Amino acid sequence: MKRSTIVFCGLAALLIAAIGCSDVKRTPGKVYMPDMANSRAYETYSANPVFADGRTSQGPVAGTVKRGEEYPVHIEMDQTGDTANYYASRALPNPFDSLDADQMKETERLYLINCGICHGAKLDGNGPLWKDGDGPYPAKPGKNLMGSYASQLTAKQRWQVITYIKSKQGK
Amino acid sequence: MDPVPFQPQFTEGMNQKRTAFQKIISSFVLLVFLSGSLVLNAQDGKALFNQKCASCHAIDKQLVGPALKGVEDRWDDKAMLYDWVRNSAAVIKKGYPRAVAVYNEYNKIQMTAFPELKNADIDAILGYINTGGAKAAAAGAAPTDAAASATAEDESDANLLYGILTLILAVIALILLQVNSNLRKMSDEAEGAQTAEPIPFYRNKAYIAIFAILLFLGGGYMTFQGAQGLGRSKNYQPEQPIFYSHTVHAGINQINCLYCHGGAQDSKHANIPSVNICMNCHMGINEYAKGPQLFREDGSKVDGTAEIQKLYQFAGWDPGKKAYTGKGKPIEWIRIHNLPDHVYFNHSQHVTAGKQNCQTCHGEIQKMDEVYQFSDLSMGWCVNCHRESKVQFKENKFYSIYEKFHEDMKNKKIDSVTVEKIGGTECQKCHY
């Protein structure tokens, strides 16, 4: 009697364990010696009580230029309905208007990553995201449906992409 | 579509030769010509719409400008509509009520002027809009990965089969042993030999010893695995604040990994994209309509459009007004891949210099609706890869300083260089 109770309990426990174990792992699991594994310093995306917005990841300080970056162009975004600044930006000279073969290859890579999804690998507006009316078709830099790419491409890269596009359009 | 300019020419031609037969022929020709031009217009309309209008307008949903379905009904004077397309500012200046209304309604955004469009072109575009932009349904959207999951299932099935077989064989062996001892007892009794009463198997010392050894080995193995698994989180698959499907973005829509995680090519971190990068596309894409139905891991359905609305909440974007409210808040994504603090890992070293694919470490991320950790990120895993991987020496300026290796490869002394050979297994490469 007593033995059968033990056997029954054991089988029930096994059954519950088998059912209860889901394949999906929603918790990261335990850590051995967490003080060596977890960073004491604030990490890039960790919360941070020092800054007012509570984030470690901060934008660059206003008025500073990253080392190796082009000097900024102080053209403000247009007010709604105005196009003066847009045309002023188009009149700016392109400091990277000629690319050698290596730069061209690199710029093509950047174009395919950042622009090609909408504007198409062949610059025909037939990218995977935009195909015959499937989605937005941003026409001009940072205008209408196309957002700013300042956070993805540096000023130099943006100029180079423009040069790349113009060289392709010329053909 | 617009027959008026052509008609006088035909009537003039008909005035000269007025036979009934030719009349029929000419009207037939005219009909064919007109229907031909209709087809032509429909095609042109689509091309023109995509070229000129689609950056701001869609047919049945509002983008920067209004949805264009039924635009002809909203403008009772068609001449004004033509003028509006060619130069909207002039029409607003004239004070045409619909023009002023739509201008004010859409935050006074000036519509781009298209002076090059003729009436016929605009008619073609309107014709395309009226046909509802008949387009082929997005087909082939769901690349099936049934084959991959099938093989995985096969593997686990095989394991189960082996387990059951082992168990059955063990039971058979046990029964045979029992039968053997019973038979011996019977034969002993038949011969009249006195034997001791058989001991039940749970008091049999041999059985107890075997059981103890098995328990020790099994328990030891599980303890070892558990201890080794501490701090490792392979297959960790947390629920994220937004159901962001890599299948939809990186798989179906083929967005390059580096579009969002651009940091991987030039910094330690493959950055988590900031919300403005999401909004680059989602300013326009405000619904999830064409892709396959998405499911969470627990099997519940995902409403893609609702998930995009969540993004708008975080971004502080008002889709009605097409403007940022300034009330956004950061999305608290849950970090999956996390190395201990005493390990240094740099993405750019692996992606840019080493030319590794993302999938080498992250698995087939373009097929993951909910991302899980593919590799266990253990030190053994790192070191193994460093021992086996060949450094891409060709066309890679990063490794030009290894002159001796380059020389040896040129002289065919060696055919490849592994990461280990250039110091990839030195402790202080990653621990310092």
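Source: prediction; values computed, not measured.

### With respect to the overall build of chain A
Looking only at helices and strands, chain A has six helices and zero strands in total. Listing each helix as α and each strand as β along chain A from the N terminus yields α-α-α-α-α-α. Out of the 171 residues in chain A, the part that is buried amounts to 16%. Within chain A, contacts between residues at least 6 apart in sequence are counted, and of these 39% link residues at least 24 apart.

### Considering unusual backbone geometry
All names here are of chain B. Despite not being glycine, Asn-235 shows a phi value in the positive range, around 70 degrees. Residue position: Asn-235 is located in the loop between α9 (205-229) and α10 (246-252). The residue Leu-377 is not glycine, and still its phi comes out positive at about 55 degrees. Relative to the elements of secondary structure, Leu-377 occurs in the loop between α16 (358-362) and α17 (379-388).

### A look at the nonpolar core
Core analysis: the largest hydrophobic core is formed by 20 residues, its most contacted members being Phe49(B), Cys53(B), Trp84(B), Ile125(B), Tyr128(B) and Ile129(B). Listed by contribution, the elements that provide at least two residues to this core are α2 (20-53), α4 (78-86), α6 (97-105) and α7 (119-130) of chain B. Among the elements that line this core, the one with the most residues is α7(B), at six residues. In contact with Ile125(B), not counting residues within four places along its chain, are Gly45(B), Leu48(B), Phe49(B) and Cys53(B). Core analysis: the next-biggest nonpolar cluster, separate from the first, contains 18 residues, Tyr164(A), Leu258(B), Val351(B) and Cys358(B) among them.

### Structural notes on the confidence of the model for chain B
Fine structural detail should not be taken from predicted coordinates in areas where pLDDT scores are low. Residues and elements named next belong to chain B. Of all residues in chain B, 84% have pLDDT values of 70 or greater, and the mean over the chain is 80. Across residues 1-18 the pLDDT falls below 50, and counting only partners more than four positions away or on other chains, this stretch makes 16 contacts in the model. Confidence metrics for the complex model read pTM 0.66 and ipTM 0.78.

Conventions adopted
- Residues numbered from 1 in each chain as written.
- Chains lettered and ligands numbered in written order.
- Predicted model: local features only at pLDDT ≥ 70, side-chain atom pairs only at ≥ 80, totals over all residues.
- Helix = DSSP H or I, 4+ residues; strand = E, 2+ residues; numbered from the N terminus.
- Buried ≥ 20, exposed ≤ 12 C-beta atoms within 10 Å, placed from the backbone.
- Contact = placed C-beta atoms within 7 Å.
- Core = buried A, V, L, I, M, F, W, Y, C linked by C-beta atoms within 7 Å.
- pLDDT = per-residue confidence, 0-100.

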